[in-house]
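Commentary on secondary and tertiary structure
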Amino acid sequence: MSTSFEDHPQSATIQVPIGNGLKRSVPCSFERMEGKHLIVQAGQAIAPFTVLSIEHEDNLFLGEVVTCSAPSQGAYQIEIKIEQILTGLHNLMALRANLLGQAVPQPLGLMPVGVLN
């Protein structure tokens, strides 16, 4: 199965762990999905075998870089083997809070304009 995003590139952010709980953020755009492989374009190279996550809308893709091509027109094409896709950001935040023993964050409720708190 192949899904292409070339007609409407979708922006996302690659998160590369750099140690001590810190991450390097790399903006990217989705190109296509081929089975369990996600192809993205980014302005920075990421070495093969690098474990990373990609944040896109309400999804978190976890995977490992398979290949990173030489830059073409200022962008690197990166192929990532996806190991897991986590959906529902609020659910992930609740799980993290429970694991850390913190209060579960509540989604913001919508109020009509002009309502006082």
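The paragraphs below set out a description of the structure included in this document. Predicted model, so just to flag it, every value in this text is computed and none were measured.

This part takes up the pattern of salt bridges. Close approach of charged atoms allows side chains of opposite charge to pair. Inspection of the entire model under this criterion finds two salt bridges. A salt bridge links Glu34 to Arg32, with the nearest nitrogen and oxygen atoms 2.7 Å apart.

Once that is clear, we can look at the environment of Leu60. Structurally, Leu60 is set in strand 6 (residues 59-68). Sequence separation between Leu60 and Thr87 is 27 residues; the distance between their C-alpha atoms is 6.4 Å. Not counting the four nearest positions on each side in its chain, Leu60 is found in contact with Ser53, Ile54, Glu55, Gln84, Ile85, Leu86 and Leu92.

Let's shift gears to the packing of aromatic side chains. Applying the stated rule across the entire model yields one aromatic pair. With a centroid separation of 5.7 Å and an interplanar angle of 70 degrees, the aromatic rings of Phe30 and Phe61 are classed as edge-to-face. Of the two residues, Phe30 is situated in strand 3 (residues 22-34) and Phe61 in strand 6; the sequence distance between them amounts to 31 residues. The same class applies to Phe30 as to Phe61, namely buried.

Another aspect to go through is the nonpolar core. With 18 residues, the main nonpolar core has Ile14, Val40, Leu52, Ile54, Ile78 and Ile80 as its most contacted residues. For this core, the element with the most residues is strand 3, which contributes four residues. When neighbours within four sequence positions are excluded, Ile80 is seen to be in contact with Lys36, His37, Leu38, Val40, Leu52, Ile54, Gly63, Glu64, Val65 and Val66.

It is worth spelling out the pairing of strand 6 at this point. Moving residue by residue along a regular strand, the side chains alternate between the two faces of the sheet. Looking at chain direction, strand 5 (residues 51-56) and strand 6 are connected through six bridges and run antiparallel. Residue Ser53 lies in a different strand from strand 6, and its bridge partner there is Leu62. The hairpin turn running from strand 5 into strand 6, its antiparallel successor, is two residues long, and Glu57 in that turn takes a positive phi close to 50 degrees. As paired strands, strand 6 and strand 7 (residues 76-87) are joined by nine bridges and run antiparallel to one another. Counted as the bridge partner of Leu60 is Leu86 from strand 7.

What counts, and where the lines are drawn
Residues numbered from 1 in each chain as written. Predicted model: local features only at pLDDT ≥ 70, side-chain atom pairs only at ≥ 80, totals over all residues. Heavy atoms only, no water. Salt bridge = Lys/Arg side-chain N within 4 Å of Asp/Glu carboxyl O. Helix = DSSP H or I, 4+ residues; strand = E, 2+ residues; numbered from the N terminus. Contact = heavy atoms within 4.5 Å. Phe/Tyr/Trp six-rings, centres within 6.5 Å; stacked < 30°, edge-to-face > 60°. Buried < 20%, exposed > 50% of the residue type's maximum accessible area, 1.4 Å probe, protein only. Core = buried A, V, L, I, M, F, W, Y, C linked by side-chain atoms within 4.5 Å. Pairing = 2+ DSSP bridges.

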